[in-house]
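So you can see what is in the structure, the chains are spelled out below.
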Amino acid sequence: MKPEANLTGLFVPLVTPFTDDLRLAPDALALLADEALSVGGARGLVALGTTAEAATLTTEEKQAVVRICSAACRAHGAPLIVGVGTNDTASAIKTLRELAQSGDVTAALVPAPPYTRPGEAGTLAHFTALAEYGGLPLVVYDIPYRTAQPLSTRTLNALGHLPEVVGVKYATGAIDAAAMELLGSSAPGFAVLGGDDAVISPLLAAGAHGGILASANVRTADFAELISLWQRDAAGPARKLGTELARLSAALFAEPNPTVIKGVLHAQGRIPSPAVRLPLLAASADSVRRAADLATTRTHQAHQETAVGPRWSARATGRACRRSGRRGG
């Protein structure tokens, strides 16, 4: 019997805000987390995903990010998914057990082992071991252009029958016959969550349960509304909003994720700096400007209307740095 994860609706994979000198900005992260769940109406959060630049974070920073996101999710009664990306099965099990001990994590988002390319049988064995020994519900992250390991519908359905596997973030880059087969044959309790932002609307129309969408860092309420419209069979308004959000997503992914997203959030005064850590480089001013022009809709207006001043200040940045006490801590 599967655990009750209830993974439907919008999940926002939060960026990790930094200061100009690349320290973690915990106050800014806490604000983003709270806004996504309150003003934005997201169903839940994802911490330590690709959008969070998790590969560049220290162990202490990762723990701080999870603590901050956990606190926001507890306050709003929302589920928290945490990214666990590794091609070492034993290491993944260890991380899953540590997360499970906290009691605050609903599920882990786990890709097929990247770079190793173990084949579909090896991938199935990897997730079987994680399900048996990790102690935490799993969301499979199917993103072959990053992992170099495609997964067939047959393999995804086999994974979906494992007791601890509660869903998939489906980001194959296509809505094709395989996607339709998956949506029509998934096991009960196995949520299909879209992960290709620009085509989330048609995937929802075809029956996806929700989405894990990096673009929703910017227009959270609109993406939440898009999912709600399709769930209510309001096809006309959903198509119109979906087309608009697809243009935004294309602009936000014009350069490597999350560089443009951070640029827009900084332009909106919601994070102290657009800084990213190497090997990423900050997005160009032109890319940020184009995306920011598409971000000024009702979500952005709501932020402006409720703000009593700039969302972030130099003084607040200084407080965050002093509290972190170390580079990014």
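Before reading on, note that the structure itself is shown above.
Residues numbered from 1 in each chain as written. Predicted model: local features only at pLDDT ≥ 70, side-chain atom pairs only at ≥ 80, totals over all residues. Heavy atoms only, no water.

Now for the sheet that holds strand E1 (residues 9-13). Ordered in space as E1-E2-E3-E4-E5-E6-E7-E8, the 8 strands form a closed barrel in which the pairing is parallel. In this sheet, neighbouring strand axes are inclined to one another by 25° on average, regardless of whether the strands run parallel or antiparallel. Here 5 bridges tie strand E5 (residues 138-142) to strand E6 (residues 165-170), and the two strands are oriented parallel to one another. Following the sheet pairing, Asp-142 is matched in E6 by Tyr-170. Against the sheet, helix H7 (residues 177-185) engages E6 and strand E7 (191-194), with an angle of about 155° to E6. (Pairing = 2+ DSSP bridges. Helix = DSSP H or I, 4+ residues; strand = E, 2+ residues; numbered from the N terminus. Axes fitted to C-alpha atoms, helices over the stretch in contact; angles between N-to-C directions. Contact = heavy atoms within 4.5 Å.)

So, on to the side chain of Thr-86. In this fold, Thr-86 is placed in the loop between strand E3 (80-83) and helix H3 (89-102). There is a polar contact of 3.0 Å between the side chain of Thr-86 and the backbone nitrogen of Asp-88. With residues up to four places along the chain from it excluded, the contact list for Thr-86 reads Ser-91, Ala-92, Pro-113, Pro-114 and His-126. (Polar contact = N/O pair within 3.5 Å; in protein donor to acceptor, adjacent residues only side chain to side chain.)

So, about the pattern of salt bridges. For the coordinates displayed, the defined rule picks out 10 salt bridges. Where Glu-98 meets Lys-94, a salt bridge forms, and the shortest distance between an N and an O atom there is 2.7 Å. A residue pair is termed a helical-turn pair when its members lie 3 or 4 positions apart in one helix, as Glu-98 and Lys-94 do in helix H3 at 4 residues. The class for Glu-98 is partly exposed, based on a relative accessible area of 44%. We classify Lys-94 as exposed; its relative accessible area is 54%. Between Arg-219 and Asp-222 there is a salt bridge, with the nearest N and O atoms lying 2.7 Å from each other. Just as Arg-219 is buried, Asp-222 falls in that class too. Linked by salt bridges that have partners in common, Arg-219, Asp-222 and Glu-244 make up one network. (Salt bridge = Lys/Arg side-chain N within 4 Å of Asp/Glu carboxyl O. Buried < 20%, exposed > 50% of the residue type's maximum accessible area, 1.4 Å probe, protein only.)

On to helix H12 (residues 285-294), then. Looking only at H12, the buried set comprises Ser-287, Val-288, Ala-291 and Ala-292. One side of H12 holds all its buried residues, which, seen down the axis, span an arc of 125°. Turned more than 90 degrees away from the buried face of H12 sit Ala-285, Arg-290 and Asp-293, all of them exposed. (Arc of directions from axis to C-beta.)

This part is about the nonpolar core. Leu-10, Leu-45, Leu-138 and Val-264 are the most contacted members of the largest nonpolar core, which totals 87 residues. Here this core takes 7 residues from helix H2 (residues 59-76), the largest share from any one element. Ignoring anything within four residues of it in the chain, the contact list for Val-264 reads Val-218, Leu-252, Val-288, Ala-291, Ala-292 and Ala-295. Within the second largest apolar cluster, 15 residues are counted, among which are Ala-5, Leu-7, Leu-109 and Ile-143. (Core = buried A, V, L, I, M, F, W, Y, C linked by side-chain atoms within 4.5 Å.)

Within this model, the largest pocket holds a volume of roughly 1,200 Å³. Lining of the largest pocket is provided by 42 residues; of these, Leu-48, Ala-54, Lys-62, Gly-83 and Gly-85 occupy positions nearest its centre. For the lining of the largest pocket, the secondary-structure elements that each account for two or more residues are H2, E3, H3, strand E4 (107-111) and helix H5 (144-147). For the lining of the largest pocket, the element with the highest residue contribution is H2, accounting for 7 residues. Here the lining of the largest pocket is built from residues that sort into 20 nonpolar, 14 polar and 8 charged. In terms of lining, the second largest pocket is formed by 22 residues, of which the most central are Tyr-141, Tyr-145, Gly-195, Asp-197 and Phe-253. Contributing elements (two or more residues each) for the lining of the second largest pocket: H5 and helix H10 (235-252). (1 Å grid on protein atoms, 1.4 Å probe; cavity = no way out; pocket = protein on both sides within 12 Å on 5 of 7 lines; lining within 4 Å. Points joined across faces, edges and corners; volume = space filled by probe spheres on them. Nonpolar A, V, L, I, M, F, W, Y, C, P; charged D, E, K, R; others polar.)

This next bit is on the pairing of E5. Where burial is concerned, most of E5 is hidden: 5 out of the 5 residues are buried. Relative to E5, E4 runs parallel, the two sharing 4 bridges. Of the residues in E5, the one forming a bridge with Val-110 is Val-140. The β-α-β motif built from E4, the intervening helix H4 (residues 119-133) and the parallel element E5 has right-handed crossover chirality. (Right-handed = clockwise from strand over helix to strand, strands pointing away.)

Here the focus is the packing of aromatic side chains. In total, this model carries 0 aromatic pairs according to the counting rule given. One residue, Arg-277, lies across the ring of Phe-18, its end atom 4.2 Å from the ring centre. (Phe/Tyr/Trp six-rings, centres within 6.5 Å; stacked < 30°, edge-to-face > 60°. Lys NZ or Arg CZ within 6 Å of the ring centre and 35° of its normal.)

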